[in-house]
Amino acid sequence: MTTTAETATATAVVAFDQVTKSYGNVRAVDGLSLALHPGETVALLGPNGAGKSTTLDLLLGLKHADGGTVSVFGTGPREAIVAGRVGAMLQSGGLMEEVTVAELVRLACDLHPKRFKVQDVMARAGVSQIADRKVNKLSGGQAQRVRFALATAGDSDLIVLDEPTTGMDVSARQAFWATMREQADQGRTVLFATHYLEEADAIADRVLVLHRGRLLADGTAAEIKAKAGARSVRFDLDGAIDEAALGTLPRVTSVDVSGQTVRIQSTDADATVHALYGLGVYPRNLEVAGLGLEQAFVAITEAEEAKQS
C-alpha cells in the first residue's frame, strides 16, 4: 500500500526526507525535511554556514547525503538532470574559457534533451550583444547572465539559482527577475538562494530559512515577518539621548541611535511606547511598524542562536 508520505514525495518537485550531510565533525545538513511544489518561487535564506550551498549540492546530485533521501520529480537528482528537468545557475565555475558566449550557449542548448533555440536563450538572458565576446573577458555581471543562459538552455521544469544576481547592477537585477517571473508564470518551479533579502521579499511566494542545517522557518515573507514576533518603533528625540535607559524599556530587544533618530525593536510595542512616556521622554514622528524581512530574518536567527548557546 502506498503511504501518504510516499504519494507526496512522488508528486513533489523536490522532496528532502530527514536528510543529513556532514564534513568531519561539522553537520552541514541536519535532518532536513522539505518539499517544493510545481509553480512555486522559493527563496532559500540563512546565515553563512547555514547549509544552503550543501542543500543545493544535494539537490543537484553534486554531493550524496549521509542519511535520508533526496528526490527530484520522484527520482534521484541525477536522473532528473539527465532527463533535462532541472536547470541550474551556480554562483561560480561552470564557464569554459577561450570560447565565445554564443559558442558556450550553443553547446548548452545542444546538450539539453529539450533544447531551446540559441538566439532565444541569449535574448532572454540579455547576452545577445556580447555573443562574440570571449567568456574570459566578461565582467562579473555579464558572467552571471551567461550562467543564467546556460541554466535556461532548454525546457526544464525546475530552475535552481545560487546567488544569481551577484555582480549585477540594479537595472540588470530588475531585468533578471522580470525574466524569472515569466519562467514561474509558465509553471516552472524556481528555487533561489540569495543574500539580497529584499529580492526574497519582493519575488518569492515562499521563504525557507535554514540555520545550522535545519529548517528554522517556512512560509510566505509575511508569515516569516510575523514569526519574528517583534515590531519596529522609530521616533526622533531632541537633546541628549540616554541609549542605556531606552534599552531597559519593557520587551525591547535592540536599540539603535543615529543622530536624533531612535530605532527600537520590541516584542510588545504598546508596552514599550507606554513606558517610553513614563521615562518623561516625548518622541516626535513616532512610527510603529512590522519588521522588514531582513530584520525578521536577523531576529529569528539570533533568537535561535541564543536558545542553543
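Just so we're clear, the structure is a prediction, and the values are computed from it rather than from any experiment.

Caption draft 1: Highlighting the packing of helix H4 (residues 101-111) against helix H6 (residues 140-151). Look at H4 against H6: their axes get within 9 Å of each other, and the N-to-C directions meet at 25 degrees. Comparing the axis directions of H4 and H6 gives the class roughly parallel. H4 and H6 meet at a crossing whose hand is right-handed. Residues Val101, Leu104, Val105 and Ala108 of H4 lie in contact with H6, whose contacting residues are Val146, Ala149 and Leu150.

Caption draft 2: Main features of the packing of aromatic side chains. Inspection of every chain in the model, using the stated rule, returns four aromatic pairs. Centroid distance Phe176 to Trp177: 5.0 Å. Interplanar angle 85 degrees. Geometry classified as edge-to-face. For the residue pair Phe176 and Trp177, the accessibility class agrees, reading buried in each case. An aromatic cluster is built from Phe148, Phe176, Trp177 and Phe192, whose rings are joined through pairwise contacts.

Caption draft 3: Summary view of the sheet that holds strand E13 (residues 284-290). Within the open sheet, the four strands sit side by side as E11-E12-E10-E13. Their pairing is antiparallel. If you trace the sheet from one side to the other, it starts and ends with strand E11 (252-258) and E13, each paired once. For this sheet, the mean inter-axis angle between neighbouring strands, taken without regard to orientation, is 15 degrees. Alignment of strand E10 (residues 231-236) against E13, held across five bridges, turns out to be antiparallel. Of the residues in E13, the one forming a bridge with Arg231 is Gly290.

Caption draft 4: Here's a closer look at H4. Within the sequence span of H4, burial applies to Val101, Ala102, Leu104, Val105, Ala108 and Cys109. Relative to the axis of H4, the buried residues are bounded by an arc of 165 degrees and lie together on one face. Tucked into the core, H4 has its buried residues touching helix H5 (118-125) and H6.

Caption draft 5: Broad picture of a nonpolar patch on the surface. Judged by side-chain polarity, Tyr277, Tyr282, Leu286 and Val288 come together as a nonpolar surface patch covering roughly 400 Å² of accessible area. By the secondary structure assignment, Val288 is in strand E13. Using a relative accessible area of 39% as the deciding quantity, one classes Val288 as partly exposed.

Caption draft 6: Seen up close, the packing of H5 against H6. The N-to-C vectors of H5 and H6 enclose an angle of 135 degrees; their axes lie 9 Å apart at closest approach. The orientation of H5 relative to H6 falls into the category oblique. As for the relative orientation of H5 and H6, their crossing is right-handed in sense. Contacts between H5 and H6 involve Val121, Arg124 and Ala125 from the first element and Arg145, Phe148 and Ala149 from the second.

Caption draft 7: Main features of the sheet that holds strand E6 (residues 158-162). The six strands lie next to each other as E5-E6-E7-E3-E8-E9, forming an open sheet whose pairing is mixed. Edge strands, defined here as strands with exactly one partner in the open sheet, are strand E5 (86-89) and strand E9 (214-219). Here the strands of the sheet are splayed against their neighbours by 15 degrees on average, with no regard to which way each runs. Packing against the sheet, helix H12 (residues 293-308) makes contact with strand E3 (41-45), strand E8 (206-211) and E9, and its axis sits at approximately 30 degrees to E8.

Each value, and the rule that gives it
Residues numbered from 1 in each chain as written. Predicted model: local features only at pLDDT ≥ 70, side-chain atom pairs only at ≥ 80, totals over all residues. Heavy atoms only, no water. Axes fitted to C-alpha atoms, helices over the stretch in contact; angles between N-to-C directions. Helix = DSSP H or I, 4+ residues; strand = E, 2+ residues; numbered from the N terminus. Parallel < 35°, antiparallel > 145°, perpendicular 65-115°, else oblique. Left-handed = near helix turned anticlockwise from the far one by under 90°. Contact = heavy atoms within 4.5 Å. Phe/Tyr/Trp six-rings, centres within 6.5 Å; stacked < 30°, edge-to-face > 60°. Buried < 20%, exposed > 50% of the residue type's maximum accessible area, 1.4 Å probe, protein only. Pairing = 2+ DSSP bridges. Arc of directions from axis to C-beta. Patch = residues over 30% accessible without salt bridge, like charges linked within 9 Å, V, L, I, M, F, W, Y side chains within 5 Å. Areas by Shrake-Rupley, 256 points an atom, 1.4 Å probe, with all protein chains shown as cover. Salt bridge = Lys/Arg side-chain N within 4 Å of Asp/Glu carboxyl O.

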